[in-house]
Amino acid sequence: MTHAPTTDDERWHAVLAHDARADGAFWYGVTSTGIYCRPGCPSRRPRREHVSFHGSPDAAQAAGFRACKRCTPERVDAAARAVAQAQHLLDTAETAPTLADLAAATGLSPFHLQRVFTARVGVSPKQYALRRRTERLKEALTMTPTVTTALYAAGHDSPATVYAPATDQLGMTPGAYRRGGRGQTIHYAVTDSVLGPMLVAATPRGLCAVRFGEPGALVMELRAEYPRAELVEDAAPLAPSIAGVHAHLEGRALPLTTDVPGTDFQRRVWAALQTIPRGETRTYAELAEMIGQPSAVRAVARACATNPVGVVVPCHRIVPKGGGQGGYRWGPERKAQLLALEAEAR
């Protein structure tokens, strides 16, 4: 969840994900049962047409719903509500409020708000504000005539904050992002693999995508990511890359050059993933330790989830601390198969 849910679609996705980070931001009622819950409730997911959303337990009860006995939604603690309120302020303010402003608005001390916000959201209020500004900049770059107009519309005070290492989260220059790959030629091919259909795509500088799934959806996703690039379906120029990915799947790690945009933080996470020995696993907490940011566990998890070059950057080697194999961008079955293949090869 990159920001607090503000639309019904976002709220519904939070319910589907049992996302406890949205607790306190809204409550949902289920008309077929007459019960209302918090988003993180572990109960079985309802059907969308039976769900309504409410801004408070009182509102849900006024609509005729009774509290779920499993998740006790009426007992969402003050800290969760304060974090949800702070997220809303950061999502909607033209100029990001300071920590002191957020603390005054939520009724918590700055220290306490900083601590509970970071624990629940995975980043500090300042980092959250930077990320939201980056999202607004991405949107503005696709809608405004110039980069300068976009950066001010997104809330930047000057061009310096767009390029400064401490505040740049775009992963590339605004001009390059705005071009959406314009001027680039990307060759791609969909081929069979032990994990099913696999899309491999590369720029002249290296691999930019290795993904698994339904062929048509894979190509549509690539076009959405590089809307202005020239996409050429041709396996011939990709032969070395395709062979290299198949080698990774067979337990032989051939060196492959990648060309993927990402923030400095994402690149550090992806580089650390590539140091995990084949056939071994690490937890998100251990990966956060590997990059020297032990408190950034959730941010590390998000970087793993956005990895565009599966297998080559082995995010499948990360498992939950509590056991099990955890989720995977291309499906838990593929993750289990990958781990089994690597264990066998080792």
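Thresholds applied
- Residues numbered from 1 in each chain as written.
- Predicted model: local features only at pLDDT ≥ 70, side-chain atom pairs only at ≥ 80, totals over all residues.
- Heavy atoms only, no water.
- Pairing = 2+ DSSP bridges.
- Helix = DSSP H or I, 4+ residues; strand = E, 2+ residues; numbered from the N terminus.
- Axes fitted to C-alpha atoms, helices over the stretch in contact; angles between N-to-C directions.
- Contact = heavy atoms within 4.5 Å.
- Salt bridge = Lys/Arg side-chain N within 4 Å of Asp/Glu carboxyl O.
- Buried < 20%, exposed > 50% of the residue type's maximum accessible area, 1.4 Å probe, protein only.
- Parallel < 35°, antiparallel > 145°, perpendicular 65-115°, else oblique.
- Left-handed = near helix turned anticlockwise from the far one by under 90°.
- Nonpolar A, V, L, I, M, F, W, Y, C, P; charged D, E, K, R; others polar.
- Phe/Tyr/Trp six-rings, centres within 6.5 Å; stacked < 30°, edge-to-face > 60°.

**Student:** Whenever I open this one, the sheet that holds strand β6 (residues 198-203) confuses me. Can you help?
**Tutor:** Picture the strands of a sheet paired through backbone hydrogen bonds; they go either parallel or antiparallel. Strands sit in the order β7-β6-β5-β8 across an open sheet of 4 strands; the sheet is mixed. Edge positions in the sheet fall to β7 (206-212) and β8 (230-233), since each of these pairs with one other strand and no more. The mean inter-strand angle of the sheet, taken between neighbouring strand axes irrespective of direction, is 20 degrees. Of the strand pairs in this sheet, strand β5 (residues 185-191) and β6 are connected by 5 bridges, and their pairing is antiparallel. Along β6, the bridge assignment pairs Ala189 with Val200. Against the sheet, helix α10 (residues 215-225) makes contact with β5, β6, β7 and β8, and its axis sits at roughly 140 degrees relative to β7, the strand it touches most. Strands β5, β6 and β7 of the sheet are contacted by helix α11 (residues 239-249), whose axis makes an angle of about 130 degrees with β6.

**Student:** What's the story with the pattern of salt bridges in this structure? I'm lost.
**Tutor:** For side chains of opposite charge, pairing can occur when their charged atoms come near one another. For the coordinates displayed, the defined rule picks out 9 salt bridges. With a shortest N-O distance of 2.8 Å, Asp8 and Arg11 are connected by a salt bridge. Residue Asp8 and its partner Arg11 are located together in helix α1 (residues 8-16), separated by 3 residues, close to a single helical turn. For Asp8, a relative accessible area of 39% gives the class partly exposed. Residues Glu221 and Arg329 are paired through a salt bridge, measuring 3.0 Å at the closest nitrogen-oxygen approach. Linking Glu221 in helix α10 with Arg329 in the loop between β10 (318-319) and α15 (332-345), this pair joins segments that are 108 residues apart in sequence.

**Student:** How should I be thinking about the sheet that holds strand β3 (residues 51-54) in this particular structure?
**Tutor:** The 4 strands lie next to each other as β3-β1-β2-β4, forming an open sheet whose pairing is mixed. Edge positions in the sheet fall to β3 and β4 (66-67), since each of these pairs with one other strand and no more. In this structure, strand β1 (residues 27-30) lies alongside β3, joined through 4 bridges in antiparallel fashion. Its bridge partner being in β3, Trp27 is matched across the sheet by His54. The sheet strands contacting α1 are β1 and β3, and the helix crosses β3 at an angle near 110 degrees.

**Student:** Mind showing me how you'd approach the packing of helix α3 (residues 78-92) against helix α4 (residues 99-106) here?
**Tutor:** When two helices pack together, you describe them by how their axes are tilted relative to each other and by the distance separating the axes. Put simply, α3 and α4 touch, their axes get as near as 10 Å, and they point 130 degrees apart. What the angle tells us is that α3 and α4 run oblique. The two elements α3 and α4 cross, and the hand of that crossing is right-handed. Listed contacts from α4 to Ala82, Gln85, Ala86, Leu89 and Leu90 of α3 are Leu102, Ala105 and Thr106. Partitioned by chemical class, the residues of the contact of α3 with α4 number 6 nonpolar, 2 polar and no charged.

**Student:** What's the story with the packing of aromatic side chains in this structure? I'm lost.
**Tutor:** Two aromatic rings, taken as a pair, are described by how far apart their centres are and by the angle between their planes. The final tally for this structure, using the stated rule, is 4 aromatic pairs. Ring centres 5.6 Å apart and planes at 80 degrees place the aromatic pair Phe26 and Phe53 in the edge-to-face group. Linking Phe26 in the loop between α1 and β1 with Phe53 in strand β3, this pair joins segments that are 27 residues apart in sequence. Its relative accessible area of 1% is what places Phe26 among the buried residues. Using a relative accessible area of 18% as the deciding quantity, one classes Phe53 as buried. Summarising the aromatic geometry, the rings of Phe117 and Tyr128 are spaced 5.5 Å apart at their centres and angled 80 degrees between planes, so their arrangement reads as edge-to-face. Note that Phe117 is positioned in helix α5 (residues 110-121) and Tyr128 in helix α6 (residues 125-141), a separation of 11 residues in sequence. Look at Tyr128 and you get buried, because its relative accessible area is 0%. Ring pairing ties together the aromatic residues Phe212, Tyr328 and Trp330, which thus form one cluster.

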